[in-house]
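Examination of the molecular architecture
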Amino acid sequence: MRLFGKKRSRLQDIRIMNELFPASDAAAAVDGIEKAGAEYLVIAALDLTDDGSARRAFERIGADPDGFAPAVRAQHAEALRSIGMRPVDDRELDRYIPTPSEEPRFPCGAPSAHELFRNVVENVREEGSQLYGAYIVLAAAETEFGTTARALRHMGIDRSELAAAARAEIQAVNERNH
């Protein structure tokens, strides 16, 4: 289905992906994670220079988009505690984490990132829309399990409200652009 009679620009989608994947890898590397999971795609989407739609989806429901990354870190720390490990203080940990490579890497994220992005692609194709950061938020809000869902819960976010806000942002951006 084509929205508003305008054909999607695959080049625009590629530009977004070329920003999204390296940013998610970089965010994961900062946290000492080798393969970016779905939660890092959300973190990257919140900082996309596309249109701000991911951030606005959070803001529509009164949630602070800048609170998502700390919520993810809290979930990682909780996971460590649940298996009897003590999370290390970030400043202490920084001494042991190598500086992320400046060399571009092929995005080879964790399975949760692959699954989230498959859902994004399915939604974009189904709606005949451009790829926007809000699609990442929509797919994340529809995720029932995993770090992403736990981080949203930690923030007190109702996933169905966030999904509705992401859909509203997608519609608003499509209307502005067409």
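Read on for a plain summary of the structure. In this numbering scheme, every chain counts its residues from 1 along its sequence in written order. Whole-chain, interface and lining totals are the exception, using all residues; otherwise, since this is a predicted model, local features are given only for residues with pLDDT of at least 70 and side-chain atom pairs are given and counted only at 80 or more. Processing note: side-chain calculations cover all non-hydrogen atoms of the structure and skip hydrogens and water entirely.

1. Comments concerning the packing of helix α2 (residues 38-46) against helix α7 (residues 133-141)
- In the contact formed by α2 and α7, the axes pass within 9 Å of each other and the chain directions differ by 150°. Both α2 and α7 take part in a crossing whose hand is left-handed. Mapping the contact onto sequence places L41, V42 and A45 in α2 and G133, I136 and A140 in α7.
- Under the scheme applied, nonpolar residues are Ala, Val, Leu, Ile, Met, Phe, Trp, Tyr, Cys and Pro; charged residues are Asp, Glu, Lys and Arg; polar residues are all the others, including Gly. Residue classes in the contact of α2 with α7 are distributed as five nonpolar, one polar and no charged. Comment: axis = line fitted to C-alpha atoms, over the contacting stretch for helices; angle = value between 0 and 180 degrees taken between N-to-C directions. The secondary structure listing takes helices from DSSP runs of H or I that are at least 4 residues long and strands from runs of E that are at least 2 residues long, numbered from the N terminus. Each helix crossing is assigned a hand: it is left-handed if the near helix lies turned anticlockwise from the far helix by less than a right angle, otherwise right-handed if that turn is clockwise. Here a residue-residue contact requires only that any non-hydrogen atoms of the pair lie within 4.5 Å.

2. Description of the environment of M17
- Looking at the secondary structure, you find M17 in helix α1 (residues 10-30).
- Given the relative accessible area of 23%, M17 is considered partly exposed.
- For the pair M17 and L48, spaced 31 residues apart in sequence, the C-alpha separation works out to 9.8 Å.
- Sequence-distant contacts of M17, defined by excluding residues within four places in its chain, comprise P22, F117 and L131. Burial classes follow relative accessibility: with a 1.4 Å probe on protein chains only, a residue under 20% of its type's maximum area counts as buried, one over 50% as exposed, and anything between as partly exposed.

3. Considerations on the packing of aromatic side chains
- Planes of paired rings set the category: under 30 degrees apart is stacked, over 60 is edge-to-face and the rest tilted, where pairs are Phe, Tyr or Trp rings (Trp by its six-membered ring) whose centres lie within 6.5 Å. Within the structure shown, the criterion is met by three aromatic pairs.
- Residues F58 and F68 carry aromatic rings whose centres are separated by 6.1 Å and whose planes lie at 70° to one another, so their mutual orientation is edge-to-face. Of the two residues, F58 sits in helix α3 (residues 53-60) while F68 sits in helix α4 (residues 68-82), which places them 10 residues apart along the sequence. Each member of the pair, F58 together with F68, is buried.
- Here Y132 and Y135 contribute two aromatic rings whose centre-to-centre distance is 6.4 Å and whose plane-to-plane angle is 10°, an arrangement assigned as stacked.
- Residue classification places Y132 among the buried positions, given a relative accessible area of 4%.
- Its relative accessible area of 0% is what places Y135 among the buried residues.

4. A few points about the nonpolar core
- One finds L20, F58, F68 and I136 to be the most contacted residues of the largest nonpolar core, which totals 46 residues.
- Contributions of two or more residues to this core are made by α1, α2, α3, α4, α6 (111-127), α7, α8 (147-154) and α9 (159-177).
- With near-sequence residues (within four places) excluded, F58 lies in contact with L46, A63, D64, P65, F68, V137, L152, M155, I157 and L162. As used in this record, nonpolar core signifies buried Ala, Val, Leu, Ile, Met, Phe, Trp, Tyr and Cys residues forming a set joined through side-chain atoms within 4.5 Å.

5. Examining the pattern of salt bridges
- Only one rule defines a salt bridge in this text: a Lys or Arg side-chain nitrogen within 4 Å of an Asp or Glu carboxyl oxygen. This structure, assessed with the given rule, holds eight salt bridges.
- Across the salt bridge formed by E142 and R167, the nearest N and O atoms sit 2.7 Å from each other. In this pair, E142 sits in the loop between α7 and α8 while R167 sits in helix α9, placing the two residues 25 residues apart along the sequence.
- Exposure remark for E142: the relative accessible area of 39% places this residue in the partly exposed category.
- R167 sits in the partly exposed class, given a relative accessible area of 42%.
- Taken together, the salt bridges that share partners define one network made up of D47, R55 and D66.

6. Examining the environment of Y40
- Mapped onto the fold, Y40 is located in helix α2.
- Take Y40: its relative accessible area is 0%, and that puts it in the buried class.
- For Y40, the contacting residues outside a window of four places in its chain are S24, A27, A28, D31, I33, V72 and H76.

On their own, these measurements won't tell you what the molecule is for.
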